[in-house]
Amino acid sequence: MKVLVVGKGGREHALCWKLKQSPRVSAVFCAPGNAGTALDVQNIAIEPGDTRGLVQFARKEGIGLTVIGPEEPLNRGIVDLFQREGLKVFGPRKEAAELEGSKVFAKDLMRQAGIPTADYRVFRSAPDAEHYALSREVALTIRSRGRSTIRHTLHCRTASEAIEAIDRIMDPREMLSPGVQVEIEERGQRRVFSSTAEARDFVLGRPVSLVLKADGLAAGKGVFVCDNLRQALEAIDQIMVRRIFGQAGDRLLIEERLDGRETSVLAITDGRTIIPLESSQDYKRAFDHDEGPNTGGMGAFSPTPMMTPDLMEQVEREVLVPAIHALKRARRPFRGVLYAGLMLTNQGPKVLEFNVRFGDPETQVLMMRLKSDLVDLLEATADEQLDRVAIEWDPRPSVTVVIAAEGYPGHYERERPIQNLEAVEKLPDTKVFHAGTMLRAEAGPGRDARIVTDGGRVLNVTAIGDTIEQAQARAYEAARMIRFPGAWYRRDIAGRSSRSEGG
Ligand code: AMP
Ligand code: GLY
């Protein structure tokens, strides 16, 4: 069978690498792929957005199974198109992919199905969202000070009440009498302000716990975890007024902020049978000890002790099964990978988000441990025969460390030549999956010289070992050998503290 993988990251390289190991597979193509997939399989210069081009290629080449990596083509309905053309494809159809493509859809489905998740409200306009944010509890007492003709003591329960009170006291007519000030008391502490702007600013700085989310796909950047009202208003402005995510910001969710440790569960399902994959833990923050900005993921390990058998069973019962059933009832049967991002709160696991595809970089550690033939699993999913296959894992743990470009997740340079990849390929139980790399057109001396960086997350150095310490040591040994200008990585992936506390 010939197989086509759509996408160009580390996830797709890991899928290609695993698919190629199948005795049933004669050729693997990756569209458009990267330098790693060019070396391990065969790249095809078709972008994931070019659905028709991909269908044409699959037809012409006699592709027996196409595997979709990223969420965008799934959301545009690539699976529907392949199926209409009679082509076998792994991934959910457009209507089921909405579980990731629309956070409002996902939350409404969870509410209907009784799946534990943060409380939320949906807004279609910026003023409505602002009004709601400003109606959050702040508990301030506001008094006039100085030579005001009005003697106010106003107990304000919300930010909008507080701002109204400030405006009344600091009325421009009042200000004619010099020396009018406003005093704000919060939990016994008093502060005095002589300008409206400063007083308002203080109110907007009050702590609230809100999470604001653009409804649609925003390349993982559409979520704002806000500590105060100022940040919440700024997020509303970015999403709904300045429209930094375009149509993805037509609707906005405001959620209660959850506390706890984060983890995820990935399962493969044909809409009837659900097979949870081995547990894995990714690291979203850029720097060691989970500091710095959010990223697409700086590393992962599998299995994670956080996901106990009991917890896995609870997630299956409370999240995966009801989600699949609710989608079926909504006539949006789901086939593919269901990825539940979870917060482990002290009231149990709650869903932060659903993804409808393999996680990146979780897939890299999972493919390292998968013993079964991946093509059997993916094909059985597409054929709705998942009940006929069993899944087998290597019990040994695996670790992946992401080597990033200088400046990532902010601005970074491309086309930095990468050294020593060939030497690393010879290390035992180690595999470097490429994420942001390409082959430079003009050939340099030797194979390595031609591989250059082409993204922020460049390489996923992945290793397996008898113990997690051994897998970790192997991954870091390889990571240290690889060189390109500005290369950096987190030093604490699969570290002792993260293994007990989560990434
Ligand atoms: P999402 O894309 O929805 O998973 O959100 C991205 C990140 O924002 C998550 O990995 C969490 O760290 C954080 N997040 C999202 N929703 C919440 C929430 N309700 N409470 C706390 N943190 C959240
Ligand atoms: N590792 C997180 C994701 O794939 O969305």
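**Student:** What is the right way to look at the packing of helix α1 (residues 10–20) against helix α14 (residues 374–382) in this model?
**Tutor:** Working note: a packed helix pair is described by the angle between its axes plus the distance between those axes. Look at α1 against α14: their axes get within 8 Å of each other, and the N-to-C directions meet at 105°. Relative to α14, the element α1 lies roughly perpendicular. Facing Leu15, Lys18 and Leu19 of α1, the residues of α14 in contact are Leu374, Val375 and Leu378. Counted by class, the contact of α1 with α14 contains five nonpolar, no polar and one charged residues.

**Student:** Looking at this structure, I do not really get the site of ligand 2. What am I missing?
**Tutor:** Within the structure, ligand 2 sits among Asp282, Tyr339, Asn355, Arg357, Gly359, Asp360 and Glu362. Within the side chain of Asn355, one N or O atom sits 3.3 Å away from an oxygen atom of ligand 2. A distance of 2.8 Å separates a nitrogen atom of ligand 2 from a polar atom in the side chain of Glu362. Here ligand 2 has 200 Å² of accessible area as a free molecule, and 88% of this is covered by the chains.

**Student:** Whenever I open this one, the site of ligand 1 confuses me. Can you help?
**Tutor:** In the region of ligand 1, 15 residues are neighbours, and Lys213, Glu255, Leu258, Glu262 and Glu353 sit closest. A distance of 3.0 Å is found between a nitrogen atom of ligand 1 and a side-chain nitrogen or oxygen belonging to Lys213. Measuring from an oxygen atom of ligand 1, one finds a side-chain N or O atom of Glu262 at 2.5 Å. Burial of ligand 1 by the surrounding chains reaches 88%, relative to a free accessible area of 470 Å².

**Student:** Explain the nonpolar core here, please?
**Tutor:** For soluble globular proteins, the rule of thumb is that nonpolar side chains tend to be buried together. Core analysis: the biggest nonpolar cluster contains 50 residues, and Leu99 and Phe354 have the highest contact counts within it. Per-element accounting of this core gives the leading share, nine residues, to helix α12 (residues 309–329). Among the nonpolar cores identified, the runner-up in size contains 42 residues, and Leu134, Met170, Phe202 and Ala214 belong to it.

**Student:** It is not clear to me how the side chain of His434 should be interpreted in this structure. Could you clarify?
**Tutor:** Relative to the helices and strands, His434 resides in strand β23 (residues 430–434). Judged by its relative accessible area of 4%, His434 falls in the buried class. In this structure, His434 is in contact with Gly9, Gly10, His13, Asn34, Ala35, Gly36, Leu421, Ile451, Val458 and Leu459, ignoring residues within four places of it in sequence.

**Student:** Would you mind going over unusual backbone geometry with me for this structure?
**Tutor:** The phi angle of most residues is negative, glycine excepted, and most peptide bonds adopt the trans form. Omega for the bond connecting Ser302 with Pro303 falls within 30 degrees of zero, at -5°, which places this linkage in the cis form. On the secondary structure map, Pro303 appears in the loop between β19 (299–302) and α12. Each neighbour pair has its own omega, and for Asp360 with Pro361 the value is 15°, a cis peptide bond. You can see Pro361 is positioned in the loop between β21 (348–355) and α13 (362–369). Here Asp429, not a glycine, exhibits a phi torsion of approximately 55°, which is positive. Tracing the sequence through the fold places Asp429 in the loop between α15 (421–425) and β23. The phi dihedral of Ala494 falls on the positive side, at around 60°, and the residue is not glycine. Secondary-structure assignment places Ala494 in the loop between α16 (468–481) and α17 (496–501). On the basis of relative accessibility, which here comes to 0%, the residue Ala494 falls in the buried class.

**Student:** I would appreciate a short explanation of the sheet that holds strand β4 (residues 63–68) in the present structure.
**Tutor:** In any sheet, the strands associate via hydrogen bonds between backbone groups, in a parallel or an antiparallel arrangement. Overall, parallel pairing links the five strands, which are arranged β3-β2-β1-β4-β5 in an open sheet. Pairing within the sheet leaves two strands with one partner each, and these edge strands are β3 (42–43) and β5 (89–90). Two elements, strand β1 (residues 2–7) and strand β2 (residues 27–32), share six bridges in a ladder whose sense is parallel. Counted as the bridge partner of Gly7 is Pro32 from β2. Helix-sheet contacts for α14 involve β1, β4 and β5, and the interaxial angle to β4 is about 90°.

**Student:** Any chance you could explain the pairing of β2 here in plain terms?
**Tutor:** Sheet faces and side chains relate simply in a regular strand, where the side chains alternate between the two faces. Taking burial as the measure, the six residues of β2 include six buried ones, the bulk of the element. Of the two faces of β2, both are covered, the one formed by Ala27, Phe29 and Ala31 as well as the one formed by Val28, Cys30 and Pro32. As paired elements, β2 and β3 share two bridges and run parallel to each other. Looking at β3, one finds that Phe29 is bridged to Gln42. In this view, the connection linking β2 to its parallel neighbour β3 by way of helix α2 (residues 35–40) has right-handed handedness.

**Student:** What is the right way to read the sheet that holds strand β14 (residues 261–269) from this model?
**Tutor:** A sheet is described by the order of its strands in space; here four strands give the open sequence β15-β14-β20-β21, paired in antiparallel fashion. The open sheet has two edge strands with one neighbour each: β15 (274–276) and β21. Pairs of neighbouring strands in the sheet enclose a mean axial angle of 35°, with direction left out of account. Bridge count for β14 against strand β20 (residues 336–345) is nine bridges, and the pairing is antiparallel. By the bridge assignment, Ala267 is partnered in β20 with Leu338.

**Student:** Quick question: what am I supposed to make of helix α8 (residues 126–134) here?
**Tutor:** The periodicity of an α-helix, 3.6 residues per turn, causes residues three or four places apart in sequence to face the same way. Every buried residue of α8 is listed here: Ala126, Ala129, Tyr132, Ala133 and Leu134. Where α8 starts, the residue carrying a side-chain oxygen 3.3 Å from the main-chain nitrogen of Asp128 turns out to be Ser125.

**Student:** Is there a simple way to think about the pairing of strand β26 (residues 457–464) in this case?
**Tutor:** Counted residue by residue, β26 has eight buried out of eight residues, so it is predominantly covered. Judged from the seven bridges that link them, strand β22 (residues 398–404) and β26 form a sheet pairing that is antiparallel. Counterpart to Thr400 in the pairing with β26 is Thr462. As paired elements, β23 and β26 share five bridges and run antiparallel to each other. Paired with Lys431 across the two strands is Thr462, which belongs to β26.

Rules of the game
- Residues numbered from 1 in each chain as written.
- Chains lettered and ligands numbered in written order.
- Predicted model: local features only at pLDDT ≥ 70, side-chain atom pairs only at ≥ 80, totals over all residues.
- Heavy atoms only, no water.
- Axes fitted to C-alpha atoms, helices over the stretch in contact; angles between N-to-C directions.
- Helix = DSSP H or I, 4+ residues; strand = E, 2+ residues; numbered from the N terminus.
- Parallel < 35°, antiparallel > 145°, perpendicular 65-115°, else oblique.
- Contact = heavy atoms within 4.5 Å.
- Nonpolar A, V, L, I, M, F, W, Y, C, P; charged D, E, K, R; others polar.
- Near = heavy atom within 4 Å.
- Polar contact = N/O pair within 3.5 Å; in protein donor to acceptor, adjacent residues only side chain to side chain.
- Areas by Shrake-Rupley, 256 points an atom, 1.4 Å probe, with all protein chains shown as cover.
- Core = buried A, V, L, I, M, F, W, Y, C linked by side-chain atoms within 4.5 Å.
- Buried < 20%, exposed > 50% of the residue type's maximum accessible area, 1.4 Å probe, protein only.
- Pairing = 2+ DSSP bridges.
- Right-handed = clockwise from strand over helix to strand, strands pointing away.

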